[in-house]
Amino acid sequence: MQIELLTKTARSATVMLADGGIYHTKEPYQLMLNGENVKETDTVVTSFFSLKPDTEYTLTVMTKQGADVGSFSFRTDYEFVTLNVKDFGAKGDGEADDTKYIQAAILSCPKDSRVLIPAGTYRITSLFLISHVRIELAKGAELLAITDRYAYPKFPALIESYDESDEYYLGTWEGNPLPMFAAIITGIGVEDVVLYGEGCVNGNASTENWWDNPKVMRGAFRPRTFFINHCEKIVLQGVKFCNSPAWTLHPFFSNKLGFYNLIIENPSVSPNTDGLDPESCKDVEIAGVRFSLGDDCIAVKSGKIYMGKKHKTPSENIHIYQCLMQDGHGAVTIGSEMAGGVKNLTVEECLFINTDRGLRVKTRRGRGEDAVLDKITFRKINMDHVMTPFVVNCFYFCDPDGKTEYVQSREWMPADHRTPYIKRLCFEDIDAKNCHVAAAYFDGLPEQKIEEIQMKNIRVSYAQNPKCDVPSMSNGVEPCSLKGIYANNVKRLHLKNVEVTGADGEPITAVGVDVLEQE
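Bear in mind the structure is a predicted one, so any value in this text is a computation, not a measurement.

What counts as what
Residues numbered from 1 in each chain as written. Predicted model: local features only at pLDDT ≥ 70, side-chain atom pairs only at ≥ 80, totals over all residues. Heavy atoms only, no water. Helix = DSSP H or I, 4+ residues; strand = E, 2+ residues; numbered from the N terminus. Buried < 20%, exposed > 50% of the residue type's maximum accessible area, 1.4 Å probe, protein only. Contact = heavy atoms within 4.5 Å. Areas by Shrake-Rupley, 256 points an atom, 1.4 Å probe, with all protein chains shown as cover. Lys, Arg positive; Asp, Glu negative; His and termini not counted. Charge placed at Lys NZ, Arg CZ, Asp CG, Glu CD.

K.L.:
Explain the overall build of the chain here, please?
P.N.:
The secondary structure content of the chain amounts to three helices and 42 strands. Principal axes of the C-alpha set define a box for the chain whose edges measure 65 × 65 × 40 Å. Scored against the burial criterion, the 519 residues of the chain give a buried share of 57%. Contacts in the chain between residues at least 24 apart in sequence constitute 74% of all its contacts with a sequence separation of at least 6. Summed over all atoms, the accessible surface of the chain reaches about 19,800 Å², with 47% contributed by carbon and sulfur. Each charge class in the chain can be summarised by its mean position, and for the 55 positive and 70 negative side chains these summaries are 1 Å apart.

K.L.:
Please clarify how unusual backbone geometry should be interpreted in this entry.
P.N.:
Excluding glycine, most residues fall at negative phi; most peptide bonds, likewise, are trans. Of note, the bond from Gly335 into Ser336 is cis; its omega dihedral lies within 30 degrees of zero at 0 degrees. Looking at the secondary structure, you find Ser336 in the loop between strand 32 (324-335) and strand 33 (342-362). With a phi angle near 55 degrees, Asn317 is a residue other than glycine that sits in the positive phi range. Residue position: Asn317 is located in strand 31 (residues 315-321). Among the residues examined, Asn317 registers a relative accessible area of 29% and is labelled partly exposed. The backbone of Asp399 sits at a positive phi, close to 75 degrees, despite the residue not being glycine. As for its position among the elements, Asp399 is in the loop between strand 35 (388-393) and helix 3 (405-408). A relative accessible area of 25% places Asp399 in the partly exposed class.

Below is the structure:
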């Protein structure tokens, strides 16, 4: 077994137990720290808490039968002081508003120190991060969001500089600069921050508050549970996030980010509660996160039109691995707000269960010439009851003009500054069982065909009683009209060892494929 340290603080550590399993280890293991039995785990990515600062630890991994399968040593970080929020006046009784007391502790925290939020229920509105802070949300601790929208700070959208030569962005909504309420946890221009622990951040949203008429802006657009803007070196570890008012975790124009061993849960009927949406972000690592929610699990974005065209900042160098996407629309989605492009995205060793799609690319005419997708790789993935495992839709009917002739026409149109471009997509070593609609649906633009799709070692089998649905959200696609692999306006579709079978085991051939190379 290979053991790798993914992240650590003075009080916690997250490791990867690479025994060949995908999300779950091949068997349960007993974990020992310095000879003491601390926990049992059946997940590849696992965390330890309640550690001592500046201390050497040896992790020993044992099978249930007592066999030693590996060990690894690490040293926790140095810690100066701990600031307990209850010493600042926080009650944690589920009744008092504890926002200002917790905020005081955060603002008072020196470098190499910890803000401790012990067990209890703390009602809050928005908390603002500072650089170099470590915040521990201890086991049994819950940050419970207050639902009065007018108790939250409001971020204006676009603020012009004094000399009118530049702009400052605070509020954002679905890829556009628009006013929004500050997130429950917010970071603006900070660096070197860790939020960790076994506690919970509960957005407390329901149809009685934030989810009532969710598309209507009242005062400002709905807050995220966690939002960072132009931040760097930010890590989330271990924490559970649930009942988000809108997108759950939303890093915006931020770099060097780590998301480890989190739980993100929103009801299946909750509107626009994406799990994790990096927007124009670089160098992002997402490992061991479990998703169950009402929209896309991970949605990689880079602005709708204005932000992408002006700043030309793609989301790039994103590594997603050992995650569980269990329920949701898309397991990993690109777009539809991707006007700045997405490149160098790798998704591997993940488990997708009961999502509408596996890979979901959403783009359309109008996203612009900077909306380039390149070097997108999916490999070593298991899917079960994913309705359509692979979807690339260049006719996604979002936005007020989404169903116009310009966006939806399958006829050739001149390629210009409004035309997006999909370059290379690669799928390898993927097993998708109990598929329901199309095995793969690739629908490119006639004037800007998808450059290349490679599929290698792919096995798709259909469920006994497949559900009826459409493979993509665009005009003219009939429910249940397609089985197998559909590809239109793809320059090169290379298939090697690709097998699609019905519930009876009989092979299903590719349909509607205009260009095909097969081995």
